[in-house]
Amino acid sequence: MTSSGISVRKALASDVPHIQRLIGPYVDRRILLGKDDVTLYGSIQQFRMAVDPSGVPIGCGALNVFWDDIAEVRTLALDSNWIRHGVGHKMLEGLEVDARALGIGRIFCLTFEVDFFTKHGYLEIGESVVSPEVYAELVRSSDEGVAEFLDLARVKPNTLGNTRMLKVLPAA
């Protein structure tokens, strides 16, 4: 199998069951956090889907905007049969296109897949990458992904073993 014939498209509301199917094995292994259907339906516009030549969804990923110049790649998952066939690359590329279209200059991820993201230009980060003023605004967010980005103590159990990474997108 190769990524030839694989397409990446914006997600549809009808993709939520497919997203649940794709993320399920990663949730079971505590690699991804589970999401309720209501959360997925409410954020479906953030998602892209990779589909095989027959139209079957084989991957998903979302781009969540944090602030005017930074967003997070989240819920990136592939059907296990398609890992290491270029599908993850196509998914990430599509999410980066979305980021550029929104005027986003930096993309964050919290991942166990350090090698994958490093190959795509992401670098490990430790300290906060936003100004104290932006931090003060972001800390008000109820979004768990924002809390993970800020490295807040209340989300530490969810992030153990994950690596915080960031990519600065080249100017268009």
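As the structure is a prediction and not an experimental result, all values here were calculated from the model.

About the thresholds
- Residues numbered from 1 in each chain as written.
- Predicted model: local features only at pLDDT ≥ 70, side-chain atom pairs only at ≥ 80, totals over all residues.
- Heavy atoms only, no water.
- Helix = DSSP H or I, 4+ residues; strand = E, 2+ residues; numbered from the N terminus.
- Buried < 20%, exposed > 50% of the residue type's maximum accessible area, 1.4 Å probe, protein only.
- Contact = heavy atoms within 4.5 Å.
- Areas by Shrake-Rupley, 256 points an atom, 1.4 Å probe, with all protein chains shown as cover.
- Pairing = 2+ DSSP bridges.
- Expected span 1.5 Å × (residues − 1).
- Bend = angle between axes of the 7 residues up to and from the residue.
- Phe/Tyr/Trp six-rings, centres within 6.5 Å; stacked < 30°, edge-to-face > 60°.

**Concerning the overall build of the chain**
In terms of helices and strands, the chain carries seven helices and seven strands. In the chain, the succession of helices and strands from N to C terminus is β-α-α-β-β-β-α-β-α-β-α-α-α-β. Relative to its 172 residues, the chain shows a buried fraction of 45%. A separation threshold of at least 6 residues defines the contact pool for the chain, and within that pool the share at least 24 residues apart is 68%. A total accessible area of about 8,900 Å² is found for the chain, and carbon and sulfur atoms account for 55% of it.

**Details of the pairing of strand β3 (residues 57-67)**
For β3, the buried fraction is high: nine of the eleven residues fall into the buried class. Of the pairings in the sheet, the one linking strand β2 (residues 47-51) to β3 comprises five bridges and is antiparallel in character. Across the sheet, A50 pairs through a bridge with G59, a residue of β3. Hairpin connection between β2 and β3: a loop of five residues separates the two successive antiparallel strands, and G55 in this loop has a positive phi of roughly 95°. Two elements, β3 and strand β4 (residues 70-78), share seven bridges in a ladder whose sense is antiparallel. Bridge pairing in β4 places L63 opposite V73. Between β3 and β4, which follow one another and run antiparallel, lie two residues.

**Observations concerning helix α1 (residues 16-28)**
Counting along an α-helix, one turn takes 3.6 residues, and residues three or four places apart therefore face a common direction. In this model α1 runs 18 Å from its N-terminal to its C-terminal C-alpha over 13 residues, within 8% of the 18 Å that 1.5 Å per residue would give. Considering bend angle alone, the principal kink of α1 is centred on L22 and spans about 35°; proline P25 follows within four residues of it. Where the residues of α1 are buried, they touch α2 (37-42), β2, β3 and β4. Of the residues trailing α1, R30 is marked for its positive phi of about 60°.

**Looking at the packing of aromatic side chains**
Note on aromatic pairs: each is described by the distance of the centres and the angle between the planes. All chains considered together, the criterion is met by three aromatic pairs. Between the aromatic rings of F66 and F108, the centroid separation amounts to 6.3 Å while the plane-to-plane angle is 40°, which identifies the pairing as tilted. Here F66 is found in strand β3, whereas its partner F108 is found in strand β5 (residues 106-111), with 42 residues between them in sequence. Considered together, F66 and F108 belong to a single accessibility category, that of buried residues. Centroid distance F116 to F117: 5.1 Å. Interplanar angle 85°. Geometry classified as edge-to-face. Each member of the aromatic cluster is reached from another via a ring pair, and the members are F116, F117 and Y122.

**Focus: the side chain of T163**
Structurally, T163 can be placed in strand β7 (residues 163-168). Look at T163 and you get buried, because its relative accessible area is 17%. Aside from chain neighbours lying at most four places away, what touches T163 is C109, L110, T111, V114 and E124.

**So, the pairing of β2**
A large share of β2 lies buried, amounting to five of its five residues. Direction of pairing for strand β1 (residues 7-10) relative to β2: antiparallel, over a ladder of four bridges. Along β2, the bridge assignment pairs R9 with M49.

**So, unusual backbone geometry**
In the Ramachandran plot, R30 falls in the positive-phi region, its phi being about 60° despite a non-glycine side chain. Along the polypeptide, R30 turns up in the loop between α1 and α2. Despite not being glycine, T75 shows a phi value in the positive range, around 55°. Along the chain, T75 turns up in strand β4.

Fair warning: the whole summary comes from geometry, so function is off the table for now.
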